[in-house]
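Chain by chain, the residues run as shown.
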Amino acid sequence: MKAEKQLMTRGNIPQILLRFAFPLFLGGMFQQLYNTVDSWVVGQYCGDLALAAVSSSGSLCFLLIGFCQGVFLGGGVVISSRFGAQDQKGVEKSVHTMVAFALVMGIFLSVFGMLLTPAILRLMGTPENVMPESVRYFRIYCAGLLALVLYNTAVGIFQSLGDSRRPLYYLIIASATNVVLDFLFVAGFDWGVSGAALATVLGQLLSAILAFAHLMSGKFLVKLELKKLRPDMNILKKVLRFGLPGGIQNSVIAIANVVVQSHINAFGDAAMAGCGSYSRIEGFVFLPITSITMAITTFIGQNLGAGNLERAKKGGRIGTLMTVATSETIGVLFFLFAPQLIGIFSKTPEVLAYGIRQAQVETLFYFLLGYSHGCAAVLRGTGRSMTPMLVMLSVWCVFRILYISILVHFIPDITVLFTAYPVTWAISSVCLLIAVKKIKWSDNRLGDEKA
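K.L.:
Break down a positive patch on the surface for me, citing the residues and quoting the values.
P.N.:
Together, Lys313, Lys314, Arg317 and Lys437 give the surface a local cluster of positive charge. In this fold, Lys437 is placed in helix H15 (residues 414-437).

K.L.:
Could you give an account of the pattern of salt bridges, with specific residues and numbers?
P.N.:
Enumeration over the complete set of coordinates arrives at 5 salt bridges. Here Arg166 and Asp163 are joined by a salt bridge, their closest N and O atoms 3.6 Å apart. Looking at Asp163, the relative accessible area reads 2%, which means it is buried. Across the pair Glu225 and Lys228 runs a salt bridge whose closest N-O atoms are separated by 3.2 Å. By relative accessible area, which is 21% here, Glu225 ends up partly exposed. With relative accessibility at 34%, the residue Lys228 sits in the partly exposed group. Among the ionic contacts, a cluster of salt bridges with common partners joins Glu225, Lys227 and Lys228.

K.L.:
I'd like a rundown of the nonpolar core, residues and numbers included.
P.N.:
The nonpolar side chains of a soluble globular protein tend to be buried with one another. Membership of the largest hydrophobic core comes to 70 residues, with the highest contact counts inside it found for Ile300, Phe334 and Leu417. Looking at this core element by element, the count peaks at 17 residues for helix H9 (residues 269-305). Counting residues in each nonpolar core, the second largest holds 62 residues, with Ile79, Val155, Leu161 and Leu224 among its members.

K.L.:
I'd like a rundown of the packing of helix H5 (residues 145-160) against helix H7 (residues 192-215), residues and numbers included.
P.N.:
In a packed pair of helices, the relevant descriptors are the angle between the two axes and the axis-to-axis distance. It is the contact of H5 with H7, at a shortest axis distance of 8 Å, that shows an interaxial angle of 40°. With respect to H7, the axis of H5 lies oblique. For the element pair H5 and H7, the recorded crossing hand is left-handed. Packed against H5, whose contacting residues are Ala147, Leu148, Leu150, Tyr151, Ala154, Ile157 and Phe158, the element H7 presents Gln204, Leu205, Ser207, Ala208, Ala211, Phe212, His214 and Leu215 at the interface.

About the criteria used
- Residues numbered from 1 in each chain as written.
- Predicted model: local features only at pLDDT ≥ 70, side-chain atom pairs only at ≥ 80, totals over all residues.
- Heavy atoms only, no water.
- Patch = residues over 30% accessible without salt bridge, like charges linked within 9 Å, V, L, I, M, F, W, Y side chains within 5 Å.
- Areas by Shrake-Rupley, 256 points an atom, 1.4 Å probe, with all protein chains shown as cover.
- Salt bridge = Lys/Arg side-chain N within 4 Å of Asp/Glu carboxyl O.
- Lys, Arg positive; Asp, Glu negative; His and termini not counted.
- Charge placed at Lys NZ, Arg CZ, Asp CG, Glu CD.
- Helix = DSSP H or I, 4+ residues; strand = E, 2+ residues; numbered from the N terminus.
- Buried < 20%, exposed > 50% of the residue type's maximum accessible area, 1.4 Å probe, protein only.
- Core = buried A, V, L, I, M, F, W, Y, C linked by side-chain atoms within 4.5 Å.
- Axes fitted to C-alpha atoms, helices over the stretch in contact; angles between N-to-C directions.
- Parallel < 35°, antiparallel > 145°, perpendicular 65-115°, else oblique.
- Left-handed = near helix turned anticlockwise from the far one by under 90°.
- Contact = heavy atoms within 4.5 Å.

Pasting the structure below:
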């Protein structure tokens, strides 16, 4: 694949963003199938209690996935900037630094997650009748976190260099494997939630192996070599400066969801299963949003590296509008077909009622969600990763938790939990709009020095 085909520094902006985002969207669809197939198979073959166990772990899984994606997408800004500046040596050093960091982080998260699984689930208020199954599912999931981290590292590298297609190919293969193993382990071997978790881990492992095999083959723009896996401290500082805020930003969403999940758990098994089913559908809603925003970040990074300030600015504006339009269209469709979509996972009337109610309260406000993510992507692409992190930490985490904790105390209705989302999306949209308006595009925070 020639480097010229992956540069975003020239050509029609909407077409470039869509061409880059579409494979990301399809790849996300297949990745989302991991947990969705788990939920469907477990719900069909193991019952609502097992479905509640998998659902209660879903927020934690999203937290870890979001953190990894944010870190390596943000770190990829360093690579995309060097790529736009045609600094091949800087690209190679950045890639090897990111992979070395990923190995350490993946091992740490695996050990940390496996040891603390019961404590974390208890902090969430997981009911005792659900706890054993939840512990089994999440502990096995944590055992495969190294593969998850390494795969997201590879994706960050591919995307920063303009290749969003190759991760799609790997995910298609891995997702198909996951589906087959779900039926084999759960329906065939009757391993319950343990089988569903194992199928997910093996799918993640396969995608990581395929991605790194290509990076090490010498057929890509940069060749990964084991002997060069040592971090360049200057580059690592940049990766951490741009990547950690992105990881924390993504995790903030999940942290808030973990707290919300603890409140949902208080309403019983049916609420856990119903809201968990809604979350599975909502996971697909996020895909076009995250796909376009990833394209925005990479586009801006490459163009700032090449010195195309006006093109970078225009790309951010167009990408944000695309994100808003797409998210609201999907929100309206979700609102209209909520009963059918929630019904995929459970036919129990009480479970359906909870999932449909959440959709009725939240989905028509997805345009605010899309706008917040679009503005955050623009800020990340310009090297201002701290701003969206701080906004979402204060609004999507602190304010949302306080909103729910206080109102639920006085109004013990689960609808109160659901209203917290559109309220906080609106506040963050205003804050991030102000931040974007204040960007001085001539102030290139990515740095012009050679890496």
